[in-house]
Every structure is written in C-alpha cells, then in structure tokens.
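Spelled out from the first residue to the last, the chains are:
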Amino acid sequence: MEESTGSRIRVCIILDTPNLSTGVATAGLPARMVTLAESLRAAGANVSFVLGDRGMTVSAAKQWHFEGVLVNPDLLYGPAQNLVPALRKLNPDLIIIADPQVVALNGRHWAEQAGARLIYEAHDDEAQLARDAGHDDDIVSTQADWQRSAALSADFVTVLTEREAQTMRRYGVDEKRLLIAPIGINFAERNAWGARPESKQLLMIGNLFYHPNTQAAWFLVELIGDLRRRGHEISALIVGRGPDELINCQAEGVEFTGLVRDLNTVTANIALAVAPLLVGSGQKKKLLDYQAAGLPVLATTEATNGYIEGAPGVVVNDNLDTWADEVLRLLSNQEHLTQLGQAGRDAIRQHFDAAVIARKALDCYRRWLTMPSAGTVIKPPGVDCDEPRWLSEHARQLGLGDPVLTATCDSIELPMQ
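Here we summarise the structure given alongside this text. In this text, all values refer to a predicted model and were calculated from it rather than measured experimentally.

### A closer look at helix H14 (residues 354–369)
- Its 16 residues give H14 an end-to-end C-alpha distance of 22 Å, which sits within 8% of 22 Å, the value for a rise of 1.5 Å per residue.
- Residues Ala354, Ile357, Ala358, Ala361, Leu362, Cys364, Tyr365 and Trp368 constitute the buried set of H14. All buried residues of H14 fall inside an arc of 165 degrees around its axis, so they share one side.

Okay, here's the thing in structure tokens:
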C-alpha cells in the first residue's frame with residue numbers, strides 16, 4: 001500500500017546522461033538507478049532526477065517518466081552552489097549520487113543547502129577497478145582516496161554486494177549507516193524465452209567501453225573463431241556500445257548490435273548466455289538480464305559476485321582455456337540447458353525482485369531519516385580536482401559534446417513538454 005502523498009519520502013537521484021543514450025540506460029549503473037527509481041515510486045516514494053545533459057535528445061526528454069530537471073553540465077560539475085536552486089525546488093529528503101568524485105566535491109554542499117540527507121551509492125571498489133585495469137599504484141591510491149572521501153562525506157552508504165560493504169567498512173563507514181541493496185529486476189518487463197539450443201548462438205550483454213567487458217568481448221570473439229575453425233557453426237551476439245576497434249572487428253560468426261532499446265528482442269533466440277569476466281567489481285546486471293529471460297549461463301566466479309550461493313542456473317568455470325569444450329558440452333544437452341535456464345529464473349525471482357529490494361531500501365531510508373546527519377566535507381588530500389576521472393572516461397566513451405538541450409539556458413523541467 002502506498003503512503004499518503006504528504007508522508008512520502010522524497011528521493012532525488014543525481015545522474016549524468018552519457019550512459020543514458022537517447023534516454024535509454026546503456027550501462028549497469030544508470031540501469032540500476034532507473035530500475036530502483038521505478039520500484040521506489042511504486043513502493044510509495046516520490047522520486048525525481050537531476051540529469052546532467054551530455055547526450056539527452058529532445059525526444060528522450062519528452063518521454064522521460066520522472067519529474068526533475070535536465071541541467072547544463074556547468075551546473076552539475078561546476079561550483080556546487082550553481083545547482084542549489086534546482087535542488088531546493090525539488091525539495092528532497094534524500095539525495096542519491098553514485099559517482100564518488102561528485103559526492104566528494106559537491107554532494108555534501110548540495111545536501112546541506114537543500115535540507116536533505118546524502119546517500120553515496122557505491123557500486124564498485126574503485127581502487128580494485130583501477131588495479132584490474134592495469135593502472136599504476138598512484139592512480140589506484142587516488143581512486144581509493146576519492147571513494148573514501150565520498151563514503152565519509154555522505155550521511156549514508158548503499159552498496160550492491162557484501163564485497164563492497166567490506167570496502168566501505170574498511171573506509172570507516174558505520175554499520176548503522178550502511179545498506180546492502182542489490183540490483184533488482186522487474187520480471188513483468190521480461191519475456192522468459194528459455195534456452196533455444198538449436199540456434200547455437202551465444203549472448204553477451206554489457207557496456208563494452210568498461211574494461212572488464214572489453215576484455216570479455218575480445219575473448220568471446222576469439223572463442224567463436226576457435227569453435228568455427230574446429231567445424232562448429234556456433235555464433236555470438238554481443239550487445240552494447242563499444243570502441244570502434246572492437247565493434248568493427250569483422251569477426252566471422254560474431255554480431256555486434258550496439259545499443260538495444262528492448263533486451264527482449266535479443267534474448268529470444270539464444271542457446272547460452274556468457275559472462276567471461278576475470279576482473280571487476282560490484283554486481284553484474286547482465287546475469288539478471290540473462291536469467292530473467294530463462295537463459296542458461298556460463299560464467300566465471302567474478303561474474304557471480306553478489307549472487308545466490310551456488311549460483312543456480314549458472315555453470316561456473318574460471319579456466320577460460322577450457323571454455324570451448326565447455327560450450328560444446330553444454331550445447332550437446334538440450335534438456336540440461338532448459339533445466340539450467342528455468343532454475344536460474346526461479347532462483348533470482350526469490351532474491352532479486354526489484355519491488356522487494358525497493359521496499360527494503362525504503363524501510364532503511366525511513367530509519368536513516370530519524371538519525372542525525374553524519375557526513376562532513378572530506379576532499380582527498382593533494383588530489384587535483386580540475387579533471388576528475390569521469391571526465392576522461394566519458395570522453396573516451398563518446399559521451400561528451402555540446403549539450404543538446406540546455407546550451408542556452410541553465411535547466412529544463414522534466415518531462416519536457
């Protein structure tokens with residue numbers, strides 16, 4: 001039952017738009033935030049967004065189904081005071097931000113000026129990600145400093161898995177101010193196609209600009225090449241935006257779809273979904289996407305981080321050298337593939353239903369609002385704040401450019417009329 005309008009908790013999510021290509025989430029982080037917002041609203045919260053306009057289109061802004069504002073990037077990434085008028089108008093009780101540098105630089109000021117509590121949603125262990133990407137010790141240390149500053153600048157912290165919770169505890173976050181709330185999925189939006197072994201087609205979904213996914217996609221290209229050289233007409237469908245050298249590699253038997261607005265269209269004729277991730281952090285949304293469609297999954301241990309013990313419906317194999325034989329073994333047993341797919345869907349329905357997770361989060365938010373504010377402004381010592389990591393990353397991911405809608409004004413109300 002929803003709360004009366006006057007007593008509803010007001011949640012504002014601050015999010016950038018390069019990974020909301022034409023209003024569609026093209027990476028796990030925005031997909032998580034949009035799904036959470038939809039489920040929180042269904043559970044009785046008032047949810048709004050502040051979106052930094054670096055890729056939104058007029059059409060997407062008109063179809064956006066949350067109230068809020070689309071703002072010039074200068075408001076989101078410039079001096080903190082610039083965004084305060086827009087935030088005060090939204091009048092949130094809670095502000096949620098997932099970017100650690102935005103939290104550390106501006107989040108505390110925004111929350112205090114808007115009379116709200118600040119939640120840092122930590123999706124990853126940032127230092128571990130930098131280490132896995134091959135960065136040197138200085139960059140790894142800098143990323144750890146940014147995340148520690150975000151965790152201590154916020155009033156509260158939410159994470160997706162126990163592994164990231166351990167990182168937050170190590171940074172000094174009190175247990176009473178920490179919530180583990182995994183990614184959820186709305187089963188009503190997903191068709192349970194089940195396995196189609198006769199298609200002999202593998203599926204991988206992901207933001208291919210993300211280093212672990214880039215590595216996984218190149219491995220899949222090599223895997224298909226190996227299988228086809230051995231005389232097996234097995235193919236792969238790889239879904240997601242990515243660097244030109246990857247998506248234009250012209251590998252026989254491999255199709256790159258780019259951005260797909262409706263995942264139901266790519267999960268309908270798949271024999272086996274794959275997640276060959278050897279490095280990374282956080283929870284991998286792709287496993288939910290696969291299993292909600294009733295697909296059997298071949299994955300590594302890393303890919304199953306944050307999931308159910310024993311990973312029902314998933315065949316776990318960390319030795320990528322044996323994956324070609326593993327794929328052939330799995331495709332040879334149609335009954336087993338079907339059973340795996342059904343077992344996986346049944347298991348995640350019990351643990352990752354978005355509505356259940358949202359109700360848990362909302363109950364925690366209510367408790368947090370009865371607690372005193374705990375955050376303080378803590379910026380990493382000796383760190384140059386002129387060009388934070390997200391700026392260079394989004395530039396490489398082709399997400400930058402002149403604002404589409406807000407170049408001549410500070411902000412536009414959403415949904416756009």
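### Describing the sheet that holds strand E13 (residues 272–275)
- The sheet built from six strands is open, its strands ordered E12-E11-E10-E13-E14-E15 with parallel pairing. Edge positions in the sheet fall to strand E12 (254–258) and strand E15 (314–316), since each has one partner strand and no second. Ignoring strand direction, the axes of neighbouring strands in this sheet form an average angle of 25 degrees.
- Here two bridges tie strand E10 (residues 201–205) to E13, and the two strands are oriented parallel to one another. Across the sheet, Leu202 pairs through a bridge with Leu272, a residue of E13.
- Sitting on the sheet, helix H9 (residues 211–229) is in contact with E10, strand E11 (235–239), E12 and E13, with an inclination near 170 degrees to E10.

### Some remarks on the side chain of Asp289
- The topology assignment puts Asp289 in helix H11 (residues 285–292).
- Take Asp289: its relative accessible area is 5%, and that puts it in the buried class.
- Within the structure, the side chain of Asp289 is placed 2.9 Å from the side chain of Arg190, a separation counted as a polar contact.
- When neighbours within four sequence positions are excluded, Asp289 is seen to be in contact with Ile185, Arg190, Ile205 and Leu263.

### Things to note about the pairing of strand E5 (residues 67–71)
- Where burial is concerned, most of E5 is hidden: four out of the five residues are buried.
- Summarising the sheet, strand E4 (residues 46–52) and E5 pair through five bridges and their orientation is parallel. Opposite Gly52, over in E5, you have Val71 as the bridge partner.
- The parallel pair E4 and E5, bridged by helix H2 (residues 58–63), forms a crossover whose chirality is right-handed.
- Bridging between E5 and strand E16 (residues 411–414) involves four bridges; their strand directions are antiparallel. Across the sheet, residue Val71 finds its bridge partner in E16, namely Ser411.

Analysis parameters
- Residues numbered from 1 in each chain as written.
- Predicted model: local features only at pLDDT ≥ 70, side-chain atom pairs only at ≥ 80, totals over all residues.
- Heavy atoms only, no water.
- Helix = DSSP H or I, 4+ residues; strand = E, 2+ residues; numbered from the N terminus.
- Expected span 1.5 Å × (residues − 1).
- Buried < 20%, exposed > 50% of the residue type's maximum accessible area, 1.4 Å probe, protein only.
- Arc of directions from axis to C-beta.
- Pairing = 2+ DSSP bridges.
- Axes fitted to C-alpha atoms, helices over the stretch in contact; angles between N-to-C directions.
- Contact = heavy atoms within 4.5 Å.
- Polar contact = N/O pair within 3.5 Å; in protein donor to acceptor, adjacent residues only side chain to side chain.
- Right-handed = clockwise from strand over helix to strand, strands pointing away.

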